[in-house]
Amino acid sequence: MCLGTRLSDSSPPAPCAPADTQALNFEYDTDVERTIRHAKRAARSELSVTGGGWSKLGLAHSNVLQVGADFPDTIARVDARSLTAEEFAVRFESPGVPVILTGLTRDWPASREWTDARLLERYGDHRFKVGSDDDGYAVRLSLRDFLYYRASREHGRLDDSPLYIFDGSFATRRGSRRLRQDYSVPALFAEDLMQHAGERRRPPYRWLVMGPARSGSGVHIDPLATSAWNALLRGHKRWALFPPGTHREVLRPPGSDREASSWFATVFRAMLGAEGGQAPGCMNGDGAAGGGGTGPGTPGAPPSPPQPVPQDSSRSVPLPDPGTPPGAPPGLIHCVQGPGDTIFVPAGWWHAVLNLDDTLAVTQNFCSSVGFARVWRHTRRGRPKMSQRWLARLRLARPDLAAQADDAGAQPGEGPDSASSSSSSSSSSSGSGSSSSSSSDEEDGEAEVGGESAMAKRPRVGAVPVVDPPPSHDAVQQPTKEDFIGSATNVGVDVQATM
C-alpha cells in the first residue's frame, strides 16, 4: 500500500520508499507456523485458524485500504517548532482540538535506528505483546516470529484484521527496555501529573505499536479522560475522529464488528451514506496493495493521496473541511498520518485507526494541568485506591492541584461522583447517561493512543506458552533506571479489554 509519502512539512507527496521488510527473507518454518497458530487461537478464540476464520471477510482482497482524493484531510497541521508549550495548551489542548504536529521525531534515534533489520538483530528473540486471550492474559510473539507472520502470505498479508504488536511493557521488560532510550517525550507533552501516583500504581501509559496493513484500533475513547499523542515513525495510518457528544449508536451500531478493518469497511462507509457501503473516493475491485497475500510493495494502481488542509498558523481550530461527504457525522475529522507526523487526540474524542501499510509508532497517554480536573474525577471514580495515593502526593508536590481536587468534593470514597458521571457521559458519548455505560465505552479498545489489558483474571487451564499473566492494576512492574530516561513521561490510562 502506497499513498505517496506526504512529507512532514506538508510538501507535495513524494514517491514511497521501498519497505525495509523487503530486505528480510523468511523461509517456511514449521515450528514458527505452529507458534503463530497458537498465538492466533489465543488472541481470538472465536475464529478458526485452520478453517479460514481469520480471512473469512476477504478484506485483503477488498478496497478497504483505499483513500480517495475526494475525501481530504480535515485536520490542522502545525510545525511543532513554531509552538511553545503554552501556545499548544491555549490553541489545542484547552479547547480540545485535534492536530497533527510535524518535526517532533526528527532528532529521535528511533527515526534512524528502528528499521526492521536492526530491530530484528537487537530484539529478534524478545517477545512482544500481540493481543490478549479470553482470560486477559497477554499473548506474545518474538519479534522474529512476528515479522515472519507479518510478511507471510498465509497470515499477515491475508488476515482480515492481523495481529498487531501493542506492547505496554516494552520500556520496563529486560529484553526491550533499551528502546526507551531511542526517543524522548516531546516538550509539548512533558507534564506528567500521574507520575505522582507512583510508578508501581499508575495505570499503563506508553506503548510500542507495530502492525501490518488492515491492523488497527476499533472506535473507542481513551480512558480516565486522558489525552494522548501518537508519533508515527514508519508507514501510514488512517484516522477517523469524532467529537465528544457523538452518539455511541452512530459509531457502534448493534451487531457491528469492532475490529478496525471491518469497521472502516462497513460502519464508516455506511455512516457516510455511500451507496452499497462504498466509501467516497474508494476504487472498486481488489487493487488494495498489501492485500491478497501479495506482500508489501506490490505494483498496482494506488489512489491519489488525500490532500492536506492548507496550513494557517494563526488559527487555533481546524480549517473548514473542503470535502467531507454530507452524510458524515457533525465534527468528523479524517486524516492520514504519515512518517514523522505526531497526532494529538484530546480527551473525550472517539477515534478509530487503520494501518494502511506496515507501520511503527510510539504512543503515550497523559494528564497535564489543563485536563487535571476532568482526569481526577474519572480516576477517583474508576481507580479509588490509586486516587487516594495520588491525592496525598499531590498535596506535597502540587498543592494547587490538590486544592482543585478538594474543591470538587474530591476526598476518595465520598459517595457518588455525580461530576464524574456527567463528565464521563459527555466525553464517552454513550447513548445512555449511565456511568457504567460510559466507562465501558472508554475501556473497550486497546487504543491506538493508549491501552493495555490490565484485568487480573484467573489463569486458564492449559494456556499456550505464548501467554503471560496480566498485571494487577495496583501492582505494576517495579520501575527501573531506564524508565526515567528523558525529562518526563506521560500519564496513566486504565483500559480493560483488547483492541
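Structural data are supplied above this passage.
Here is what the cut-offs are and how they apply
Sequence positions are assigned chain by chain, starting from 1 and proceeding in written order. Where local features are concerned, this predicted model is filtered to residues with pLDDT of at least 70; where side-chain atom pairs are given and counted, the filter is 80 or more; whole-chain, interface and lining totals use all residues. Heavy atoms throughout the structure, all of them, feed into the side-chain values; hydrogens and water do not. The helix and strand labels rest on DSSP assignments: H or I over at least four residues marks a helix, E over at least two residues marks a strand, and numbering proceeds from the N terminus. Whether a residue is buried, partly exposed or exposed follows from its accessible area with a 1.4 Å probe, protein chains only, as a fraction of its type maximum: under 20%, in between, or over 50%, in that order. By definition, residues are in contact when any of their heavy atoms lie within 4.5 Å. Surface exposure here means Shrake-Rupley accessible area, sampled with a 1.4 Å probe, where a residue is shielded only by the protein chains that are shown. Nonpolar cores were defined as sets of buried Ala, Val, Leu, Ile, Met, Phe, Trp, Tyr and Cys residues, with membership established by side-chain atoms within 4.5 Å. Between the rings of Phe, Tyr and Trp (Trp by its six-membered ring), a pair exists once the centres lie within 6.5 Å; its type follows the angle of the planes, with under 30 degrees stacked, over 60 edge-to-face, and the other angles tilted. Each reported salt bridge corresponds to a side-chain nitrogen of Lys or Arg within 4 Å of a carboxyl oxygen of Asp or Glu.

1. Concerning the overall build of the chain
And then number 1: Scanning the chain from terminus to terminus reveals 12 helices and 14 strands.
And then number 2: In the chain, buried positions account for 58% of the 499 residues.
And then number 3: Contacts in the chain between residues at least 24 apart in sequence constitute 82% of all its contacts with a sequence separation of at least 6.
And then number 4: On the chain, roughly 19,000 Å² of surface is accessible, and the fraction owed to carbon and sulfur atoms is 51%.

2. Regarding the nonpolar core
And then number 1: Counting residues in hydrophobic clusters, the biggest one holds 52 residues, and the most contacted among them are Phe-88, Leu-101, Trp-114, Phe-189 and Trp-229.
And then number 2: Counting 26 residues, the second-largest nonpolar core is a separate cluster that includes Leu-65, Ala-260, Ala-265 and Leu-332.

3. A look at the packing of aromatic side chains
And then number 1: What the rule picks out here adds up to 21 aromatic pairs.
And then number 2: Centre to centre, the rings of Phe-189 and Trp-229 are 5.8 Å apart; their planes meet at 10 degrees, and the pair counts as stacked. Of this pair, Phe-189 sits in the loop between β5 (165-167) and β6 (206-211) while Trp-229 sits in strand β8 (residues 227-234), and the two are 40 residues apart along the sequence.
And then number 3: Trp-229 gets classed as buried once you look at its relative accessible area, which sits at 0%.
And then number 4: The interplanar angle of 80 degrees and the centroid separation of 6.2 Å between the aromatic rings of Phe-242 and Trp-263 together place this pair among those described as edge-to-face. Of the two residues, Phe-242 sits in strand β9 (residues 237-242) while Trp-263 sits in helix α7 (residues 260-271), which places them 21 residues apart along the sequence.
And then number 5: Overall, the relative accessible area of 0% leaves Phe-242 in the buried class.

4. Remarks on the pattern of salt bridges
And then number 1: Here the structure, examined in full by the defined rule, presents 21 salt bridges.
And then number 2: For Glu-113, the salt bridge goes to Arg-118, with nearest N and O atoms at 3.4 Å.
And then number 3: The partner of Glu-199 in a salt bridge is Arg-202, with the nearest N and O atoms 3.6 Å apart.
And then number 4: The structure contains a network of salt bridges with shared partners spanning Asp-116, Arg-150, Arg-157, Arg-234 and Asp-358.

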